[in-house]
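This is what each chain is made of:
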Amino acid sequence: MTDEIVVVPGDGIGQEVVPAAIDVLEALDIEFAFREVDAGDAVKEATGEALPKETREAVASADATLFGAAGETAADVILPLRRAVDSFVNVRPARAYPGVDALRPETDLVFLRENTEGVYAGHEARLTDDVSTLTRVVTKNASQRLAEYACEYAAEEGFTVAHKANVMRETDGLFRDTVLEVADEHDVPADTVLMDAFATHVCLDPSQFDVVVCPNLAGDVLSDLAAGLVGGLGLLPSANVGPERGVFEPVHGTAPDIAGQGVANPTAALLSAAMMLEFLGHESEAEAVETAVEGVLSDGPHTPDLGGSASTAEVTHAVIDRLS
Ligand SMILES: NC(=O)c1ccc[n+]([C@@H]2O[C@H](COP(=O)([O-])OP(=O)(O)OC[C@H]3O[C@@H](n4cnc5c(N)ncnc54)[C@H](O)[C@@H]3O)[C@@H](O)[C@H]2O)c1
Ligand SMILES: CC(C)[C@H](C(=O)O)[C@@H](O)C(=O)O
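All values derive from a computational prediction rather than experimental measurement. (Residues numbered from 1 in each chain as written. Chains lettered and ligands numbered in written order. Predicted model: local features only at pLDDT ≥ 70, side-chain atom pairs only at ≥ 80, totals over all residues. Heavy atoms only, no water.)

Quick look at the site of ligand 1
In the vicinity of ligand 1, 21 residues are found, and the nearest of them are Ala70, Gly253, Ala255, Asp257 and Asn265. Glutamate 72 places a main-chain nitrogen or oxygen 3.5 Å from an oxygen atom of ligand 1. A distance of 2.7 Å separates an oxygen atom of ligand 1 from a polar side-chain atom of aspartate 257. (Near = heavy atom within 4 Å. Polar contact = N/O pair within 3.5 Å; in protein donor to acceptor, adjacent residues only side chain to side chain.)

What about empty space enclosed by the protein?
Applying the stated criterion across every chain yields a total of three cavities of 30 Å³ or more. As a volume, the largest cavity reaches approximately 70 Å³. Lining the largest cavity, in full, are Leu79, Arg82, Arg83, Arg113, Asn115, Thr116, Glu117, Tyr120 and Asn216. Looking at which element gives the most residues to the lining of the largest cavity, the answer is helix α4 (residues 74–84), with three residues. Taken together, the residues that form the lining of the largest cavity break down as two nonpolar, three polar and four charged. (1 Å grid on protein atoms, 1.4 Å probe; cavity = no way out; pocket = protein on both sides within 12 Å on 5 of 7 lines; lining within 4 Å. Points joined across faces, edges and corners; volume = space filled by probe spheres on them. Helix = DSSP H or I, 4+ residues; strand = E, 2+ residues; numbered from the N terminus. Nonpolar A, V, L, I, M, F, W, Y, C, P; charged D, E, K, R; others polar.)

A word on the domain arrangement of the protein chain
Assigned domains of the protein chain: these are domain 1 (1–97 + 234–323) and domain 2 (103–230). Its C-alpha centre places domain 1 at a distance of 24 Å from the equivalent point of domain 2. Regarding the contact of domain 1 and domain 2, the summed buried area is about 1800 Å², with carbon and sulfur atoms giving 56% of it. The largest per-residue losses of area from domain 1 upon contact with domain 2 belong to Phe88, Arg92 and Ala94, which jointly make up 35% of the total buried on that side. (Domains from an automatic or database assignment. Buried area = accessible area lost by both parts, 1.4 Å probe.)

A few points about the confidence of the model for the protein chain
Mean pLDDT over the protein chain works out to 97, with 100% of the residues at or above the 70 mark. As scored by the predictor, the complex reaches a pTM of 0.98 and an ipTM of 0.99. (pLDDT = per-residue confidence, 0-100.)

Right under this line is the structure:
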């Protein structure tokens, strides 16, 4: 059966790395029906709306979506798209690769980020010129859904719950206790760490962590921190997983400092496409893409963020050459 893939390149380097991912997917022996739709700053400027209804509906009904990045409008685009597929977990692997200079070459982490609530639940208000507030939402239901996924994902090795329940006793307390309860029910080993201490420990010795389950904002910040340990944001893919559909996107943004130059590192987008292949049941093709990307990371060519001088297209062709 043909998989229907919605493609949302968005702004900035999204317009460069998403086409690279499509080129790699087209080099595989799988039939996809790609449908490209708009979202982001440019479409807002043109139409007044960052996320056209057509885009939201296309994502809500496609088998999977490949997203690039949006600029200033990112929160108006990617958060509703995560909701459109009922994505309750954002899976963010952060690995160091042979051949890539990394601050911590032993890093091999996966963040399982709660993807529906926390400070992203949207209850923010400006009360007066001088006072604004934000209500943080944590529910047992969302924490349980994430924990069930974590128990399946890390059934053998277990996971670490990063939280700040020493201060946010009711919200992170509920999150931590619920996740631990579910781990206990499934007999999956789970320990806990205060998220601020985690930030230090992971820089000093990332090898002590494996799968890290965290609240929404913590997952956002800590995965970017981990990108710094492994060689930069050009390397981190992610999967917004829902019960039936997913949105797959590099962790990075539009990179305005390099956009339009054709030198963006496509690795994060290519590995996001590999996560999408796995989600769609194309395991061997997902593995082939990962292996080809790893080969190019090991032997080059490299884009400038990794110290090389290759273009996005040269790296992409090198990956495709390894696939054939
Ligand atoms: N999911 C999203 O759509 C998303 C995520 C993060 C940021 N943003 C948006 O992107 C814009 C820029 O944000 P930012 O500068 O903080 O973050 P960014 O991720 O765009 O860039 C941070 C740094 O990493 C580098 N970088 C990122 N991806 C790279 C790649 N593939 N290859 C080489 N270098 C890469 C950039 O050149 C820059 O120096 C903002 O408008 C922000 O709102 C969007
Ligand atoms: C742009 C923003 C809404 C988004 C987030 O906070 O989730 C980004 O930082 C990310 O990591 O994908």
